[in-house]
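Next come the chains, spelled out residue by residue.
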Amino acid sequence: MEVIKMQGLVGNIFSCEHVSEDFVLVNNCGELVEKHSFDSSRPRGRNDYMIIYVTEGTGYCLAKGEKMPLNAGDIILWKPNEPLVFGFTGPSRHYWLHFTGIEIENIINYLKFPQNGHCTIGKSKQLSTLFRNIIFEIQLNRPSTPIMCIGCFMQIMATIQNLLLAPRSEER
């Protein structure tokens, strides 16, 4: 397993499973490139929310108790304490994002994110760039980092909705 970019902030704000009473808070973000198949299972889930965006490979996920295929261009959202199960059947690449906050449910509902947490949006350079921007900000660890990460998170969520509503194309 090769972790391309995985850097969290140390301190009181950023952690792996922090639960916050803030409006929105990004806990961590990264990109994982795997050369072989692998499985990830957390039957009790996480304390925060998690999204993965698959950019290469095929696999599976458990979404609301239903096993579903995962392919390049898929997004999966897990809510706190939902069983977090996914894996890939060969080489793969995906971004992951952990976040929390008191307004997350309202944002998810407003953007009409699919109820089962799984959607296909296709490959998106814009979305990949937004994930990389969060990773970069976390690595910089500047005073403005939390605000920059929240801004990118909001753009990610809105971009997912826009891509769900847009006509399909090979690369977006």
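Above: the structure in question.
These numbers were taken from a predicted model, which means no experiment stands behind them. (Residues numbered from 1 in each chain as written. Predicted model: local features only at pLDDT ≥ 70, side-chain atom pairs only at ≥ 80, totals over all residues. Heavy atoms only, no water.)

A.B. asks: Can you walk me through the overall build of the protein chain in this structure?
C.D. replies: The helix and strand tally for the protein chain stands at three helices and 10 strands. Counting from the amino terminus, the protein chain carries its helices and strands in the arrangement β-β-β-β-β-β-β-β-β-α-β-α-α. For the protein chain, the proportion of its 172 residues judged to be buried stands at 49%. (Helix = DSSP H or I, 4+ residues; strand = E, 2+ residues; numbered from the N terminus. Buried < 20%, exposed > 50% of the residue type's maximum accessible area, 1.4 Å probe, protein only.)

A.B. asks: Sorry, what's going on with helix α3 (residues 145-165) here?
C.D. replies: An α-helix turns once per 3.6 residues; consequently, residues spaced three or four apart project the same way. For α3, spanning 21 residues, the distance from its first C-alpha to its last is 30 Å, which sits close to the expected 30 Å at 1.5 Å a residue. Regarding α3, the residues found buried are T145, P146, C149, I150, C152, F153, I156, M157, T159, I160, Q161 and L163. (Expected span 1.5 Å × (residues − 1).)

A.B. asks: Hey, could you run me through helix α2 (residues 125-140) in this one?
C.D. replies: Between its first and last C-alpha atoms α2 spans 22 Å; for 16 residues at 1.5 Å apiece the expected length is 22 Å, and the two agree. Looking at α2, one finds that the buried residues are L127, S128, L130, F131, I134, I135, E137 and I138. Of the residues flanking the end of α2, it is N141, one or two places downstream, whose phi is positive at about 50°.

A.B. asks: Is there a simple way to explain the packing of α2 against α3 in this structure?
C.D. replies: When two helices pack together, you describe them by how their axes are tilted relative to each other and by the distance separating the axes. Two numbers describe how α2 lies on α3: the axes approach to 9 Å, and their chain directions differ by 165°. By the angle class used here, α2 and α3 are roughly antiparallel. Between α2 and α3 lies a crossing of left-handed hand. For the pair α2 and α3, contact is made by Q126, L127, L130, F131, N133, I134, E137 and I138 and by T145, M148, C149, C152, F153, Q155, I156, T159 and I160, respectively. Partitioning the contact of α2 with α3 into residue classes produces 11 nonpolar, five polar and one charged. (Axes fitted to C-alpha atoms, helices over the stretch in contact; angles between N-to-C directions. Parallel < 35°, antiparallel > 145°, perpendicular 65-115°, else oblique. Left-handed = near helix turned anticlockwise from the far one by under 90°. Contact = heavy atoms within 4.5 Å. Nonpolar A, V, L, I, M, F, W, Y, C, P; charged D, E, K, R; others polar.)

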